[in-house]
Amino acid sequence: TVVEQAIRLCQADAGQMFVKEGDHFRLACASGGSDEYRSLIGERELPLGPGTLVGRVALDRRPVMSADIAHDHEYDTEEQRLRQRLGGFRTIVGVPIQSEDEVIAVISLWRREVNPFTEREVELAAAFAAQGAIAIRNASLMQQLDQRTRALARSVDQLHGLREVGETVSSSLDPQEVLSTIVEHAVELSGTEGGSIFEFDDVSEE
């Protein structure tokens, strides 16, 4: 939604959002452009640095525009020429999505014709980037909450299982019952389909 609204209000022909993963950026969503172009950029990892517009935005932590990337020597690489040929774009702008001082994602917008984005349009794109930051932070918080909830649920299950084993050990003199309880809970808590306990025979050494 952020990318589509940015495209509409900034009068762009296409737009993408790239999200940081470790030391590189990867396409999170795209709207507009050819299927070939979206497939190509979806496969790529974009490193932090001057080789791509996304990498430059992340490095400088500010909006970056190329009025005509087809004749921009800063991006004159074989990879960039392939993207430009498949995408058919000429004017492109990228704005950072920041969380505190870190660039966590980049929105890029482009036009098929040489038609530089105005200062007002770049400001609009930056406003959408701020909305993107909120969405990404919220998603991250929800993922962390979900992971903690699952971890807590596992801990509760494990404690419950250990308590039952402890109660069986302390209340039963039947070794078979104790061992059966142990292996049943081991199977359940490990998420496996079966389990066994083997007793070592000192005489036969088996």
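The rules behind the values
- Residues numbered from 1 in each chain as written.
- Predicted model: local features only at pLDDT ≥ 70, side-chain atom pairs only at ≥ 80, totals over all residues.
- Heavy atoms only, no water.
- Helix = DSSP H or I, 4+ residues; strand = E, 2+ residues; numbered from the N terminus.
- Rg over C-alpha atoms; globule rule 2.2 N^0.38 Å.
- Buried < 20%, exposed > 50% of the residue type's maximum accessible area, 1.4 Å probe, protein only.
- Axes fitted to C-alpha atoms, helices over the stretch in contact; angles between N-to-C directions.
- Parallel < 35°, antiparallel > 145°, perpendicular 65-115°, else oblique.
- Left-handed = near helix turned anticlockwise from the far one by under 90°.
- Contact = heavy atoms within 4.5 Å.
- Nonpolar A, V, L, I, M, F, W, Y, C, P; charged D, E, K, R; others polar.
- Polar contact = N/O pair within 3.5 Å; in protein donor to acceptor, adjacent residues only side chain to side chain.
- Phe/Tyr/Trp six-rings, centres within 6.5 Å; stacked < 30°, edge-to-face > 60°.
- Lys NZ or Arg CZ within 6 Å of the ring centre and 35° of its normal.
- Arc of directions from axis to C-beta.
- Patch = residues over 30% accessible without salt bridge, like charges linked within 9 Å, V, L, I, M, F, W, Y side chains within 5 Å.
- Areas by Shrake-Rupley, 256 points an atom, 1.4 Å probe, with all protein chains shown as cover.
- Salt bridge = Lys/Arg side-chain N within 4 Å of Asp/Glu carboxyl O.

On to the overall build of the protein chain, then. Within the protein chain, the secondary structure is distributed over 6 helices and 6 strands. Along the protein chain, helices and strands appear, N-terminal first, in the series α-β-β-α-β-α-β-α-β-β-α-α. Since a compact globule built from 206 residues should have a radius of gyration of about 17 Å, the 28 Å found for the protein chain marks it as more spread out than a globular shape. Sorting the 206 residues of the protein chain into buried and exposed places 34% on the buried side.

Two quantities define a packed helix pair, namely the angle between the helix axes and the distance between the axes. Running from N to C, helix α2 (residues 35-43) and helix α4 (residues 78-87) cross one another at 150°; their axes reach a closest spacing of 8 Å. The orientation of α2 relative to α4 falls into the category roughly antiparallel. The way α2 lies across α4 gives a crossing that is left-handed. For the pair α2 and α4, the contacting residues are Glu36, Tyr37, Leu40 and Ile41 in the first and Leu82, Arg83, Leu86 and Gly87 in the second. By residue class, the composition of the contact of α2 with α4 is 5 nonpolar, 1 polar and 2 charged.

What follows deals with the environment of arginine 56. Of note, arginine 56 is situated in helix α3 (residues 53-60). When near neighbours in sequence (up to four residues on either side) are disregarded, arginine 56 contacts Gly49, Pro50, Arg61, Val64, Glu74 and Tyr75. Polar contacts involving the side chain of arginine 56 include one to the side chain of glutamate 74, which spans 2.7 Å.

So, on to the side chain of glutamine 84. Structurally, glutamine 84 is set in helix α4. A distance of 2.6 Å separates a polar side-chain atom of glutamine 84 from the backbone oxygen of phenylalanine 89. Excluding residues that lie within four positions of it along the chain, glutamine 84 makes contacts with Ile69, Ala70, Phe89 and Arg90.

This paragraph deals with the packing of aromatic side chains. Within the structure shown, the criterion is met by 3 aromatic pairs. Centroid distance phenylalanine 89 to tryptophan 110: 5.1 Å. Interplanar angle 40°. Geometry classified as tilted. Taken together, the positions of phenylalanine 89 in the loop between α4 and β5 (91-99) and tryptophan 110 in strand β6 (residues 102-111) put the pair 21 residues apart, joining distant regions of the chain. With a relative accessible area of 0%, tryptophan 110 lands in the buried category. A connected cluster of aromatic rings, assembled from ring pairs, spans Tyr37, Phe89 and Trp110. Arginine 111 extends its terminal NZ or CZ atom over the ring of phenylalanine 117, reaching a point 3.9 Å from the ring centre.

Time to look at α2. When we look at burial in α2, the residues that qualify are Tyr37, Leu40 and Ile41. Down the axis, α2 shows its buried residues gathered within 90° of arc, on one side only. Within α2, the exposed residues directed more than 90 degrees away from the buried face are Asp35 and Glu43. Tucked inside the fold, the buried residues of α2 contact β1 (14-21), β2 (24-31), α4 and β6.

Here we take up a nonpolar patch on the surface. Residues Val169, Leu179, Ile182 and Ile197 make up a contiguous nonpolar surface patch of roughly 300 Å² in combined accessible area. When you line up the elements, isoleucine 197 lands in the segment after α6 (175-190). Here isoleucine 197 falls in the partly exposed class, since its relative accessible area comes to 43%.

Moving on, we get to unusual backbone geometry. Even without glycine at this site, glutamine 11 takes up a positive phi of about 55°. Judged by relative accessible area, which is 58%, glutamine 11 ranks as exposed. Of note in this structure, glutamate 205 is not a glycine but carries a positive phi near 55°. Its location among the elements puts glutamate 205 in the segment after α6. Owing to a relative accessible area of 61%, glutamate 205 belongs among the exposed residues under this scheme.

What is shown is where atoms sit, not what they do.
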